[in-house]
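Okay, here's what each chain looks like letter by letter:
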Amino acid sequence: MERISDSEFKERILRVKSIMRRKELDLLIVYSNQVDPGNVRYLADYWPIFEQTFVVLPLEGEPILLAGAECSSYARKTSRISDVRLIQDVMIPGEEYPGAEITTWDEIFSGIKGESRISRVGIAGLDVLGGFPTHAYRNLKRALKGKEIVKADDVMIEVRSIKSEAELRMIRRAYELADKGLDAAISAVKEGVTERQIEAEAEYAIMSAGGEDHPVPWPCQLIASGPNTGLALNRPSNRKIRKGEHVLLTVGALYEGYNSAVARPLFVGTPSEEYKRVIKVVERTMKAVINAIKPGASSEIDKAGRKILEETGYVKYNPYGLAHSIGLVEAEPPFFGPEAKEEVKPNMVISVDVALFGLKFGGLRYEDGFIVKEDGIEPLSKYTRELLESI
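Attention here is on the structure that accompanies the text. (Residues numbered from 1 in each chain as written. Predicted model: local features only at pLDDT ≥ 70, side-chain atom pairs only at ≥ 80, totals over all residues. Heavy atoms only, no water.)

1. Things to note about the overall build of the protein
Test applied: Think of it this way: any DSSP run of H or I at least four residues long counts as a helix, any run of E at least two long counts as a strand, and we number them from the N terminus. In this treatment the radius of gyration is a C-alpha quantity, and the globule benchmark scales as 2.2 Å times the residue count to the 0.38 power. The criterion used for residue contact is that any of the two residues' heavy atoms lie within 4.5 Å. Areas reported as accessible are Shrake-Rupley estimates using a 1.4 Å probe. Residue values count occlusion only from the protein chains shown. When charges are counted, Lys and Arg are positive and Asp and Glu negative, with His and the chain ends excluded. The atom standing in for a charge is NZ when the residue is Lys, CZ when it is Arg, CG when it is Asp and CD when it is Glu.
The helix and strand inventory of the protein stands at 11 helices and 17 strands. Computed over C-alpha atoms, the radius of gyration of the protein comes to 22 Å, within 12% of the 21 Å expected from 2.2 N^0.38 for 391 residues, which places it in the range of a compact globule. With the principal axes as the frame, the protein shows a C-alpha extent of 70 × 45 × 35 Å. Taking the intrachain contacts of the protein between residues at least 6 apart in sequence as the baseline, contacts between residues at least 24 apart amount to 66%. With an accessible surface of roughly 16,900 Å², the protein has 50% of that area assigned to carbon and sulfur atoms. In the protein, the 53 positive side-chain charges and the 59 negative ones have mean positions that sit 3 Å from each other.

Printed below as a string of structure tokens:
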């Protein structure tokens, strides 16, 4: 099983430090949690369970991973950062850990080389899913009294948005696994089977082929049928599939921290003319968005597809932007919605997600991933190629 090398993790630290110098940051504090682990997983390859986590990265000196007492052994086993310490601010509130050697922010900062020269501190992770813990922020402000504290999420967005060749290999494998999961889900769809049974087949196919999990932060594979397809997000239920309705299969995989997502609707029986008409609109929208992806593009990616939705009268059923980045989190910055400012660059990975919800028959979604090249794009799912050939 291929992994990101230790040497690449060391190179990541150096790249972040280079950005810190450019932004005149003496210290960077990076936050992640179980729901949104991307920042810390990028630097340390650590994904906490229940607890939260920080990486403390001084401009001068080595990084420190901060974990909770319950995850301490797991953190030391998996982290690519060798200096692992425990701190109360990431632990489960109210839980006691007698015997654990717990440090404080004051002790951490006082041990940093050149601590007296630290004047400007960046915090990355203030915008993560699940939110930055307020008690940790209070304690950080107290320990950093007299120093300038600035928001530094842009540091991690910059390093994470353009993938290395090793990252791209992980992502390709994640999409291969997603295809296996979608194959299994499609094969499982038949009258009388429940949404949860379909999910189980998809999950088994992915995990038995070496997948790490379903995508982050999904709680499960997103399988819906009949009226449940009208929900933009849902958890599979025990509802049984019925003839004459459709099933929405949104399937993805996590591989060595990297995500994939592929979505397709599947009709059980003979679809109505209205249903076939909507499918054609979504397929045309997908193609327009895909064709707009190229280095230098920005909001025009979304606008290319949105124009079709507006012309056909379906735009009111679309709840969000039509393209986003995918990597250590299934939907991560930069996003390429109608007001996007960020430009596409080579080696970004973009997920095109065209969805309509609130239709008479429920809703549907098509989703596919692409690697951006200097001279084009690389489809990541075999289902993408089948789609493009059929349009």
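Right, picking up where we left off after that structure.
2. Digging into the pattern of salt bridges
Filter applied, for reference: Between Lys or Arg on one side and Asp or Glu on the other, a salt bridge is scored when a side-chain nitrogen of the former is within 4 Å of a carboxyl oxygen of the latter. Each residue gets one of three labels from its accessible area relative to the maximum for its type: buried under 20%, exposed over 50%, partly exposed in between, using a 1.4 Å probe on protein chains only.
In the structure shown here, the tally under the stated rule is 30 salt bridges. Lys23 is the salt-bridge partner of Asp154, the closest N and O atoms lying 2.9 Å from each other. Separated by 131 residues along the polypeptide, Asp154 in helix H6 (residues 153-161) and Lys23 in the loop between helix H1 (6-22) and strand S1 (27-33) bring together distant segments of the chain. A relative accessible area of 36% means that Asp154 is categorised as partly exposed. Overall, the relative accessible area of 25% leaves Lys23 in the partly exposed class.

3. Comments concerning the pairing of strand S12 (residues 262-268)
Moving residue by residue along a regular strand, the side chains alternate between the two faces of the sheet. Our working definition: Two strands are said to pair when DSSP picks up at least two bridges between them.
Taking burial as the measure, the seven residues of S12 include five buried ones, the bulk of the element. As paired elements, strand S9 (residues 245-251) and S12 share seven bridges and run antiparallel to each other. By the bridge assignment, Leu249 is partnered in S12 with Arg264.

4. Section: the packing of helix H9 (residues 273-292) against helix H10 (residues 300-312)
For clarity, the cut-off: Axis definition: a line fit to C-alpha positions, over the contact stretch in the case of helices; interaxial angles, taken between N-to-C directions, run 0 to 180 degrees. Each angle receives one of four descriptions, namely roughly parallel if under 35 degrees, roughly antiparallel if over 145, roughly perpendicular if within 65 to 115, and oblique otherwise. Should the near helix be turned counterclockwise from the far one by less than a right angle, the crossing is left-handed, whereas a clockwise turn marks it as right-handed.
One can describe the packing of H9 onto H10 by two numbers: an axis separation of 7 Å at closest approach and a directional angle of 155 degrees. One element, H9, and the other, H10, form an angle in the roughly antiparallel class. Here H9 runs over H10; the crossing is right-handed. Across the interface between the two elements, Val281, Arg284, Thr285, Ala288, Val289 and Ala292 of H9 pack against Glu300, Ile301, Ala304, Gly305, Ile308, Leu309 and Thr312 of H10.

5. What about the nonpolar core?
The condition is simple: Joining through side-chain atoms within 4.5 Å is the link that ties buried Ala, Val, Leu, Ile, Met, Phe, Trp, Tyr and Cys residues into a set, and such a set is a nonpolar core.
Core analysis: the largest hydrophobic core is formed by 87 residues, its most contacted members being Leu28, Trp105, Phe109 and Ile198. Broken down by element, this core gets its largest block of residues, 11 residues, from helix H7 (residues 165-188). Not counting chain neighbours up to four residues away, the residues in contact with Ile198 comprise Ala185, Ala188, Val189, Val193, Ile223, Ile241, Val247 and Leu249. Judged by nonpolar contacts, the second largest core, of 31 residues, contains Ile279, Val344, Val352 and Leu359.

6. Describing unusual backbone geometry
In this model, Val216 is joined to Pro217 through a cis peptide bond whose omega is 10 degrees. By secondary structure assignment, the location of Pro217 is in the loop between helix H8 (195-208) and strand S8 (222-225). In this structure, the amide linkage connecting Pro333 to the following residue, Pro334, adopts the cis form with an omega of -5 degrees. Residue position: Pro334 is located in strand S14 (residues 332-335). A positive phi angle is found at Asp45, which is not glycine, with a value near 65 degrees. Within the secondary structure, Asp45 sits in the loop between helix H2 (38-44) and strand S2 (52-58). Overall, the relative accessible area of 7% leaves Asp45 in the buried class. Positioned with a positive phi, Glu256 is a non-glycine residue whose angle comes to about 50 degrees. By the element assignment, Glu256 lies in the loop between strand S10 (254-255) and strand S11 (258-259).

7. Description of the pairing of S14
Two strands pair when backbone bridges link them, and strand S13 (residues 323-325) and S14 are joined in this way by two bridges, in the antiparallel orientation. Residue pairing for S14: Ser325 is matched across the bridge by Glu332. Once S13 ends, the chain turns through six residues before running back antiparallel as S14.

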